[in-house]
Amino acid sequence: MIKFNRPFIAGKELYYISQAVMKYSHISGDGEFTRKCQRWFEETLGCKKALLTHSCTAALEMAALLCDIRPGDEVIMPSFTFVSTANAFVLRGATPVFVDIRPDTLNIDEKLLASAVTEKTRAVVPVHYAGVPCDMDTILEVARDKGLFVIEDAAQALLSKDETGFAGARGDFGCVSFHETKNIISGEGGALFVNNEQFIERAEIIREKGTNRSKFFRGEVDKYTWVDVGSSFLPSDIIAAFLYAQLEHAEEIVTRRKELLISYREKLEDLECRGMCQLPARETLESSSGHIFYLLCRSLEDRDALLAFLKQRGIGGVFHYVPLHDSPFGKQVCRVHGTMKETLRAAGSLLRLPLYYEMTDEEQDRCVEAVYEFYQDK
Ligand SMILES: *Cc1c(COP(=O)(O)O)cnc(C)c1O
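Note that the structure is predicted; figures quoted are calculated from it, not measured.

Undergrad: Residues and numbers for a nonpolar patch on the surface, please.
TA: A contiguous nonpolar surface patch, about 300 Å² in accessible area, is contributed by Val21, Met22 and Ile27. Relative to the helices and strands, Ile27 is located in the loop between α1 (13-23) and α2 (32-45).

Undergrad: Please give an account of the sheet that holds strand β8 (residues 173-177) that cites residues and values.
TA: On the basis of which strands lie adjacent, the open sheet formed by 8 strands has the order β1-β9-β8-β5-β4-β2-β3-β12 and mixed pairing. The open sheet has two edge strands with one neighbour each: β1 (49-53) and β12 (335-336). Relative to β12, strand β3 (residues 95-99) is paired through 2 bridges, and the arrangement is parallel. By the bridge assignment, Val97 is partnered in β12 with Arg335.

Undergrad: I'd like a description of the nonpolar core, backed by residues and values.
TA: Counting residues in hydrophobic clusters, the biggest one holds 37 residues, and the most contacted among them are Phe41, Leu158, Phe178 and Phe193. Among the secondary structure elements, those contributing two or more residues to this core are α1, α2, β1, β9 (190-194), α9 (237-247) and α10 (250-273). With 7 residues, the top contributor of residues to this core is α9. Residue contributions to this core reach at least three from each of two domains, namely domain 1 (12-245) and domain 2 (249-377). When residues no more than four places from it in sequence are discounted, the contact partners of Phe178 are Phe41, Leu52, Leu158, Ile184, Ile185, Ser186, Gly187, Glu188, Gly189, Gly190, Ala191 and Leu243. Among the nonpolar cores identified, the runner-up in size contains 36 residues, and Val75, Ala86, Ala155 and Phe173 belong to it.

The rules behind these values
- Residues numbered from 1 in each chain as written.
- Predicted model: local features only at pLDDT ≥ 70, side-chain atom pairs only at ≥ 80, totals over all residues.
- Heavy atoms only, no water.
- Patch = residues over 30% accessible without salt bridge, like charges linked within 9 Å, V, L, I, M, F, W, Y side chains within 5 Å.
- Areas by Shrake-Rupley, 256 points an atom, 1.4 Å probe, with all protein chains shown as cover.
- Salt bridge = Lys/Arg side-chain N within 4 Å of Asp/Glu carboxyl O.
- Helix = DSSP H or I, 4+ residues; strand = E, 2+ residues; numbered from the N terminus.
- Pairing = 2+ DSSP bridges.
- Core = buried A, V, L, I, M, F, W, Y, C linked by side-chain atoms within 4.5 Å.
- Buried < 20%, exposed > 50% of the residue type's maximum accessible area, 1.4 Å probe, protein only.
- Domains from an automatic or database assignment.
- Contact = heavy atoms within 4.5 Å.

Quick look at the structure:
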């Protein structure tokens, strides 16, 4: 049996949790381990300010609050993404406007961006799908030209890096996830990267229930009080302690996952040559965080048959997403700009193969062989 995902435990998670409890005696938010994690992100990625949150969902919600998104506003994003990308803005009364994705990376098609902008557009949310970075240069240029905020949904893209920089560290805001299904984990967890310095102070306030508590603890004000809207977005230091143990191994985890991604591609290349499926473009994998390996089958029937075949062989494949524009709630609160051709093609043909840090080459070979077996008389 080869599971689709196996959460990796680096080793020191429980030790650091016991330190949070016994040594620092600080288990609410913003303790020693939260500071260590935040410093790690700032030093490793070069983001101006990192703030731990409960989840990437919470980080996206904070970004929507920081951008003052209001009813009637429009926010451009792909339909081929997880619901949180859209929900964060729908919660503020805004309308997500979907544009199609690129066939090679399944990321938002930056060439379609400018034409989707109206006088109501306030922000664009590029999603670095599978951990492959979007074309941030083009997206940032359009955003600058049209006066839009850029909020990177980098949930899958911690340590993704192309020649222009790290994913999540270039837009006004970047949002990452440490959900158990991601590369670096804390069960539930996330972070907001504030790259536009103008928003650092307000981000701290919104995260601390609308109070200036952070300033108070730094001794910058002599009492703390209610100064803005906000909520409780900070995780317990117990979660941060777990996360810090993972961050110490983050580079190794991503390196191995990338290696697996590239070898999956090499091993399955023959199938692509035979026209059986499409694989992620080779040149995009180097910049990836190694989060997802997918193949695009020729049809929905092929995809579902392959999934069933793998299941029979004890191999856990999965598919996603139901495009948001096609979902019951998306139909009520979102708008589509242009065709959703590539979005529908991906949703109707994509299959993700097992991928986890501790996957052995032999396990990978078994997955690859099963796929070849399925296609042998097609
Ligand atoms: C996982 C994921 C999220 C949500 O992350 P949580 O930490 O579970 O809130 C958001 N967007 C994308 C693209 C994701 O893959």
